Amino acid sequence: MELTDVAGDLSTVLISEEQIQAKIAELSRLIEADYEGRRPLLVGVLKGAVMVMADLARELKLHIDMDWMAVSSYGAGTQSSGVVRILKDLDSDLTGRDVLIVEDIIDSGLTLSWLRANLETRGAASVEICALLRKPDAAKVQVDVKYIGFEIPNEFVVGYGLDYAEKYRNLRGIGVLAPHVYS
């Protein structure tokens, strides 16, 4: 779905599909250099990271494994509650693995901080993070992120996997959701 298909629901377009694909390619080259000769396990965080994970995995020119984890700290709201629930755990054993968490967005950092700590306790050789988006002004905790696509303002964004009440995930770009949609 194009951003123009829901233009009345967006207050502004932040990032186009072309900008996203160029950034995914750029991040892939960095990841390839860092993981040369290794086979990292990409851990996608459902549901939002599906698009990032799929495009990143296809762009990478190295062998990878993939697994998925679903955690929630939002419910149906627009702000993180800070309480993390595991909805789906990994199927993979992390012992001795190089793990790359793939995220769509970092808001407060609370969920990602918890997730990283959780995965580190499972015996991984390394745990790094790749996030397409980060909202520096929303940070409540500092999270060390090795690969960041775009820094964006502290606004509620949708598209490219990001949703509001399960809508807008299939937009090809990223836009700011207009307040009249969720107020």
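Residues numbered from 1 in each chain as written. Predicted model: local features only at pLDDT ≥ 70, side-chain atom pairs only at ≥ 80, totals over all residues. Heavy atoms only, no water.

### Quick notes on the overall build of the protein chain
Then, in step 1: Secondary structure summary: the protein chain contains 4 helices and 9 strands in total.
Then, in step 2: What you see in the protein chain, going N to C, is helices and strands ordered as β-α-β-α-β-β-β-α-β-β-β-β-α.
Then, in step 3: Oriented by its inertia axes, the alpha-carbon framework of the protein chain measures out at about 50 × 35 × 25 Å.
Then, in step 4: Looking at the 183 residues of the protein chain, the share that counts as buried comes to 50%.
Then, in step 5: At a minimum sequence separation of 6, the contacts of the protein chain that also span at least 24 residues come to 66%.
Then, in step 6: With an accessible surface of roughly 8800 Å², the protein chain has 49% of that area assigned to carbon and sulfur atoms.
Then, in step 7: Each charge sign in the protein chain was given a centre, from 19 positive and 28 negative side chains, and these centres are 3 Å apart. (Helix = DSSP H or I, 4+ residues; strand = E, 2+ residues; numbered from the N terminus. Buried < 20%, exposed > 50% of the residue type's maximum accessible area, 1.4 Å probe, protein only. Contact = heavy atoms within 4.5 Å. Areas by Shrake-Rupley, 256 points an atom, 1.4 Å probe, with all protein chains shown as cover. Lys, Arg positive; Asp, Glu negative; His and termini not counted. Charge placed at Lys NZ, Arg CZ, Asp CG, Glu CD.)

### Section: the sheet that holds strand 1 (residues 10–15)
Then, in step 1: The 3 strands are arranged 1-9-8 in an open sheet whose pairing can be described as antiparallel. Edge strands, defined here as strands with exactly one partner in the open sheet, are strand 1 and strand 8 (157–158).
Then, in step 2: As paired elements, strand 1 and strand 9 (residues 174–177) share 4 bridges and run antiparallel to each other. Bridge assignment links valine 13 to a residue of strand 9, and that residue is glycine 175. (Pairing = 2+ DSSP bridges.)

### Details of the environment of valine 45
Then, in step 1: You can see valine 45 is positioned in strand 2 (residues 41–46).
Then, in step 2: The spacing of valine 45 and leucine 3 is 42 residues in sequence and 23 Å in space, taken between C-alpha atoms.
Then, in step 3: Once you skip the residues sitting within four places of it in the chain, valine 45 turns out to touch Trp68, Met69, Val71, Ile101, Val102, Glu103 and Leu115.

### Re helix 2 (residues 50–59)
An α-helical turn contains 3.6 residues, so any two residues separated by three or four positions project in the same direction.
Then, in step 1: Burial in helix 2 covers these residues: Val52, Met53, Asp55, Leu56 and Ala57.
Then, in step 2: Check the buried side of helix 2 and you find it contacts helix 1 (17–34), strand 2, strand 3 (65–72), strand 5 (98–106) and strand 6 (126–134).

### With respect to unusual backbone geometry
Then, in step 1: Of note, the bond from leucine 46 into lysine 47 is cis; its omega dihedral lies within 30 degrees of zero at 0°.
Then, in step 2: Looking at the element boundaries, lysine 47 is found in the loop between strand 2 and helix 2.

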